[in-house]
Amino acid sequence: MTLEELVPCDSSKMQAVSEAVERVLVAAQRQDRLTVGVYESAKLMNVDPDSVVLCVLATDEEDEGDIALQIHFTLIQAFCCDNDIHILRVSGMQRLAAILGGGEPEPGAEPRDLHCLLVTNPHTDAWKGQGLAEVASYCAESRDRNQWVPYVCLQER
């Protein structure tokens, strides 16, 4: 049984959190507070883990068999738990690419690695109202239910 089968993607709570995640990611990208990519994320967490407020791990069904990616995720999740960083698993890589402007890569260029995204602390309260509190609350509620890495399904629009 997969995570997607256990957690329905169409609940109103899931939809609200999904929209909040999108707002957080868009705001973080606009303010240059978004780190994209597994390798880049690992570098940032090694140098300045206290600046990270949210880690988003994104996969779709076709990524489930990628053992290297799953190992990276396991290590990143452990690091986030040790450093009190909220973690969220999401599906919907096409939607993620659409909201982050990661359309088709230029010819000859590598596609962006959207599997791991880190949102860093803005040091101001200016954009916390743009979904971060809602996402953090969802992560905390999930941990209270012993779901250490909550799941959100990003909806195509």
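Further up the page is the structure itself.
These numbers were taken from a predicted model, which means no experiment stands behind them. (Residues numbered from 1 in each chain as written. Predicted model: local features only at pLDDT ≥ 70, side-chain atom pairs only at ≥ 80, totals over all residues. Heavy atoms only, no water.)

K.L.:
Explain the overall build of the chain residue by residue, including any values.
P.N.:
If you tally the helices and strands in the chain, you get 6 helices and 5 strands. In the chain, the order of α-helices and β-strands from amino to carboxyl end is α-α-β-α-β-α-β-α-β-α-β. Going through the 157 residues of the chain one by one, you find that 46% of them count as buried. Considering only contacts in the chain between residues 6 or more positions apart, those separated by 24 or more positions represent 81%. For the chain, the exposed surface amounts to about 8,700 Å²; the carbon and sulfur share of it is 50%. (Helix = DSSP H or I, 4+ residues; strand = E, 2+ residues; numbered from the N terminus. Buried < 20%, exposed > 50% of the residue type's maximum accessible area, 1.4 Å probe, protein only. Contact = heavy atoms within 4.5 Å. Areas by Shrake-Rupley, 256 points an atom, 1.4 Å probe, with all protein chains shown as cover.)

K.L.:
So what's going on with the nonpolar core? Residues and values would help.
P.N.:
The biggest cluster of nonpolar side chains holds 30 residues, and the ones touching the most others in it are Leu25, Leu88, Leu96 and Leu117. Broken down by secondary-structure element, the contributors of at least two residues to this core are helix 2 (12-30), strand 1 (34-36), strand 2 (52-58), strand 3 (86-91), helix 5 (93-99), strand 4 (116-120), helix 6 (132-144) and strand 5 (151-153). For this core, the element with the most residues is helix 2, which contributes 7 residues. If you look at the next biggest cluster of nonpolar residues, it comprises 15 residues, including Cys55, Phe73, Ile85 and Val149. (Core = buried A, V, L, I, M, F, W, Y, C linked by side-chain atoms within 4.5 Å.)

K.L.:
Kindly report on the sheet that holds strand 5, identifying the contributing residues and their values.
P.N.:
Pairing within the open sheet is mixed, and its 5 strands lie in the order 1-4-2-3-5. At either end of the open sheet lies a strand with only one pairing partner, and these are strand 1 and strand 5. Put simply, the sheet's adjacent strands are angled 25° from each other on average, direction ignored. Relative to strand 4, strand 2 runs antiparallel, the two sharing 5 bridges. Within strand 4, the position partnered with Val52 by the bridge is Thr120. Along the sheet face, helix 2 touches strand 1, strand 2, strand 3, strand 4 and strand 5 and points at about 90° away from the line of strand 5. (Pairing = 2+ DSSP bridges. Axes fitted to C-alpha atoms, helices over the stretch in contact; angles between N-to-C directions.)

K.L.:
Which residues make up the pattern of salt bridges, and what values go with them?
P.N.:
Here the structure, examined in full by the defined rule, presents 2 salt bridges. Arg95 is paired through a salt bridge with Glu22; the nearest N and O atoms lie 2.8 Å apart. Residue Arg95 is located in helix 5, and its partner Glu22 is located in helix 2; the two are separated by 73 residues in the primary sequence. (Salt bridge = Lys/Arg side-chain N within 4 Å of Asp/Glu carboxyl O.)

K.L.:
So, the environment of Val149: which residues are in play, and what are the values?
P.N.:
Mapped onto the elements of the fold, Val149 is located in the loop between helix 6 and strand 5. Among the residues examined, Val149 registers a relative accessible area of 18% and is labelled buried. Between the alpha carbons of Val149 and Leu88 there is a distance of 5.7 Å; along the sequence they are 61 residues apart. Setting aside residues no more than four positions away along its own chain, Val149 makes contact with Gln77, Ile87 and Arg89.

K.L.:
Account for the state of the cysteines, with residues named and values stated.
P.N.:
Summed over all chains, the structure comprises 0 disulfides. As a non-bridged cysteine, Cys55 has Cys80 as the owner of its nearest cysteine sulfur, 3.9 Å distant. Cys116 forms no disulfide, and the closest cysteine sulfur to it belongs to Cys55, at a distance of 4.1 Å. For Cys116, a relative accessible area of 0% corresponds to the buried category. (Disulfide = S-S within 2.5 Å.)

K.L.:
Now, about a nonpolar patch on the surface: what can you tell me, with residues and values included?
P.N.:
A contiguous nonpolar surface patch, about 320 Å² in accessible area, is contributed by Ile67, Ile71 and Leu75. For Leu75, the location among the structural elements is in helix 4 (residues 67-82). Judged by its relative accessible area of 57%, Leu75 is exposed. (Patch = residues over 30% accessible without salt bridge, like charges linked within 9 Å, V, L, I, M, F, W, Y side chains within 5 Å.)

Such coordinate-based values are descriptive only and should not be taken to indicate function.
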